[in-house]
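Listed here are the chains, written in short residue letters.
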Amino acid sequence: MLKIFNTLTRKKEKLIPLVNGKIKIYVCGVTVYDLCHLGHARTFLAFDTIIRYLHHCGYQVNYVRNITDIDDKIIKRAHENNETTKKLTNRMIKEMHLDFDALNILRPNYEPKVTDHIDIIIKFIHLLIQKKHAYIAPNGDVMFSVKTMRNYGILSKKKIPDIHNVSKNPNIKNPSIDFVLWKISKPGEPYWLSPWGAGRPGWHIECSAMNHSIFGNQLDIHGGGSDLIFPHHDNEIAQSVCAYNMPCAKVWIHSGMLLLNHEKMSKSSNNFLTIRDILRRYDPETIRYFLMSAHYRNQLKYNDNSLNNARASLKRLYIALRDTKTNTEIKLSSEDYFISKFISKMNDDFNTPEAYSVLFDIAHKLNDLKIKRHSLTPKIAATLKYLANTIGLLYQNPEIFLKKIALKNNKKFNFKKIERLIKRREDARNNNQWELSDRIRNKLTIMGITLEDSSTGTTRWHFNNTIHVTKNN
Ligand SMILES: [Zn+2]
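Residues numbered from 1 in each chain as written. Predicted model: local features only at pLDDT ≥ 70, side-chain atom pairs only at ≥ 80, totals over all residues. Heavy atoms only, no water.

For the protein, an unreviewed UniProt entry supplies the name Cysteine--tRNA ligase and the organism Candidatus Blochmannia vicinus. Taken from UniProt, the Subunit (unreviewed entry) comment for the protein reads in full: "Monomer." Under the heading Sequence similarities (unreviewed entry), UniProt records this for the protein: "Belongs to the class-I aminoacyl-tRNA synthetase family." (UniProt positions renumbered as here; feature names shortened; annotations may be inferred.)

Visitor: Please clarify how the overall build of the protein should be interpreted in this entry.
Guide: Helix and strand counts for the protein stand at 16 helices and 15 strands. By the burial criterion, 52% of the 473 residues in the protein qualify as buried. When contacts within the protein are restricted to residue pairs at least 6 apart in sequence, long-range pairs at least 24 apart make up 73% of them. Of the roughly 23100 Å² that the protein leaves accessible, carbon and sulfur atoms contribute 51%. (Helix = DSSP H or I, 4+ residues; strand = E, 2+ residues; numbered from the N terminus. Buried < 20%, exposed > 50% of the residue type's maximum accessible area, 1.4 Å probe, protein only. Contact = heavy atoms within 4.5 Å. Areas by Shrake-Rupley, 256 points an atom, 1.4 Å probe, with all protein chains shown as cover.)

Visitor: Could you clarify how one ought to interpret the UniProt feature "binding site: ATP" (unreviewed entry) in the protein in this entry?
Guide: In the numbering used here, UniProt assigns the feature "binding site: ATP" (unreviewed entry) to Lys267. Here Lys267 shows up in the loop between strand E12 (263–264) and helix H8 (275–281). Those residues in contact with Lys267, other than ones at most four positions away along the chain, are Tyr33, Asp34, Leu35, Cys36, His37 and Phe272.

Visitor: Got a minute to help me understand the pairing of strand E7 (residues 179–184) in this structure?
Guide: Working note: regular strand, side chains alternate between the two faces of the sheet. Relative to E7, strand E6 (residues 142–144) runs antiparallel, the two sharing three bridges. Across the sheet, residue Met143 finds its bridge partner in E7, namely Val180. Taken together, the three bridges between E7 and strand E8 (residues 199–201) define a ladder with antiparallel strand orientation. Across the sheet, Lys183 pairs through a bridge with Arg200, a residue of E8. (Pairing = 2+ DSSP bridges.)

Visitor: Sorry if this is basic, but what is going on with helix H11 (residues 337–347) here?
Guide: The periodicity of an α-helix, 3.6 residues per turn, causes residues three or four places apart in sequence to face the same way. Residues of H11 that are buried: Phe338, Ile339, Phe342, Ile343, Met346 and Asn347. Mapping the buried residues of H11 onto a view down its axis gives an arc of 165°, with all of them on the same face. Looking at the packing, one finds that the buried side of H11 touches strand E1 (3–6), helix H1 (38–56), helix H12 (352–372) and helix H13 (377–390). (Arc of directions from axis to C-beta.)

Visitor: Looking at this structure, how should I read the pattern of salt bridges?
Guide: Here the idea is simple: oppositely charged side chains can pair when their charged atoms come close. This structure, assessed with the given rule, holds 25 salt bridges. We note a salt bridge from Lys12 to Asp348, for which the minimum N-O separation is 2.8 Å. One end of the pair, Lys12, is in strand E2 (residues 11–14); the other, Asp348, is in the loop between H11 and H12, with 336 residues separating them in the sequence. In this structure Lys12 comes out as partly exposed when scored by relative accessible area, which is 39%. (Salt bridge = Lys/Arg side-chain N within 4 Å of Asp/Glu carboxyl O.)

Visitor: Got a minute to help me understand the coordination of the zinc ion in this structure?
Guide: Bound to the zinc ion are the protein donor atoms Cys28 (SG), Cys207 (SG), His232 (NE2) and Glu236 (OE), situated 2.0 to 2.6 Å from the metal. Here the zinc ion binds four donor atoms, and the angle range of 75 to 124° at the metal identifies the geometry as irregular. Donor residues for the zinc ion, ordered by position in the chain, follow C-x178-C-x24-H-x3-E. Of the two residues, Cys28 sits in the loop between strand E3 (22–27) and H1 while His232 sits in helix H7 (residues 229–244), which places them 204 residues apart along the sequence. (Donors = N, O, S within 2.8 Å, 3.2 Å for Na, K, Ca; no water. Tetrahedral: all angles 85-135°; square planar, octahedral: opposite > 155°, others 65-115°.)

Visitor: Can you help me understand the sheet that holds strand E5 (residues 134–136) in this one?
Guide: The strands making up a sheet associate through hydrogen bonds between their backbones, and the pairing can be parallel or antiparallel. One open sheet accounts for four strands, arranged E5-E6-E7-E8; its pairing is antiparallel. Each having just a single partner strand, E5 and E8 make up the two edges of the open sheet. Adjacent strand axes in the sheet meet at a mean angle of 25° when their direction is disregarded. (Axes fitted to C-alpha atoms, helices over the stretch in contact; angles between N-to-C directions.)

Visitor: Can you help me understand the sheet that holds E3 in this one?
Guide: The sheet built from four strands is open, its strands ordered E4-E3-E9-E10 with parallel pairing. Of all the strands in the sheet, the pair left with one neighbour each is strand E4 (60–65) and strand E10 (251–255). Across the sheet, the mean angle separating the axes of adjacent strands is 20° when strand polarity is ignored. Where H7 meets the sheet, it contacts strand E9 (221–225) and E10, and its direction lies at approximately 155° from that of E9.

Visitor: In this structure, what is going on with the side chain of Thr85? I would like to understand it.
Guide: Position of Thr85 relative to the elements: it lies in helix H3 (residues 85–102). For Thr85, a relative accessible area of 15% puts it in the buried group. When near neighbours in sequence (up to four residues on either side) are disregarded, Thr85 contacts Ile70, Ile74, Ile75, Ala78 and Pro190.

Visitor: Explanation requested: the environment of Tyr395 in the structure shown.
Guide: Within the secondary structure, Tyr395 is located in the loop between H13 and helix H14 (398–408). In the structure, Tyr395 is positioned 77 residues away from Tyr318 in sequence and 9.9 Å away in space, judged by C-alpha atoms.

What follows is the structure, given as structure tokens:
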């Protein structure tokens, strides 16, 4: 049975849906003012893996991921670009979809935008004022009154005195712990009319309002990056409980941060790599593989070797899968040894590193069976592909993947030249010209090509990233 670590209780718990067989999940999405960076990819890939696995478990999943299309950063960037916020955000939403689609991240069932939900946000704020959980500040902004929420900080486990201490920090300009629900717009800024004046919603209120309007009072899972636990998610809980007495989501899932130069990858600290930049250099599946290589709750460090190592690992899986037939009518069962092992790892809070190790066990077995031309080869190959597919991997034709990464990652590559050299080497071997054959092999090794001679006399090649390593014959 699937167990998930719940941030709310700090325990792994059995997943028990509110309605049998169905899961309602809301994940806080992207603020669309620029291209997404690799940290975004990590967060949304974590949830993509979770969604895929929930599907695999047979749940009917209703997955909602919002889009923040109005906020201070968006207004600033649109102003710098001399364009409207709408034009900027529409463009960035398209770019986000391009990047996420490339990484094989499934689209959510619904992607609500804040600017399409201003009415329900205003209604929500109105209710909070009526119930005396919100007030109008001297500058006209509507603020949430934190002290009116008894269990404030229930998710982060911060107590109000702690927060008071934090707010004494002179670097924090606003010493108040209350947060803005409706912000009065300055001249020239986009605005919507409200009972409290022309303005725009604060960040936290959008998720509570959209969540409530889409799902009503019940939600199975609420998720986001771990940097959202406080204050964003604590504030969401405060708003929803105070306005609608809405019980907290049953399970809160938070993904760990991606670290670059030992710090969280983020736009605001100018410490990031865009997905687009990385996609220019690496196959998207390699990026996907890397981003799932750590447990989703742990931090993941990015360095210069990360993607090369991921590519080498993924290549090993594809090499095992090459020359096997997986699309025949092979019957697999959840009782099968490798399948039940893989499922037990994923059932343990979506443990992808452990699930990866099962995939490598299968690949190892498969290589062995291939050499022996064993009758179980197709079944084990099908098992490898099936399990990897459940987490969005090994979806390409092995032959194409292996050739593609070779060509994509070395512009000097001349496909025809490689094939020509391999043919010359084959001829040399057939004519017992072993010295010539070895010379050609060495030349190919220097070019970064690894050769595999099969028992049937044919030769396959793949790109070898560590081109200085001489392979044993
Ligand atoms: Zn949110």
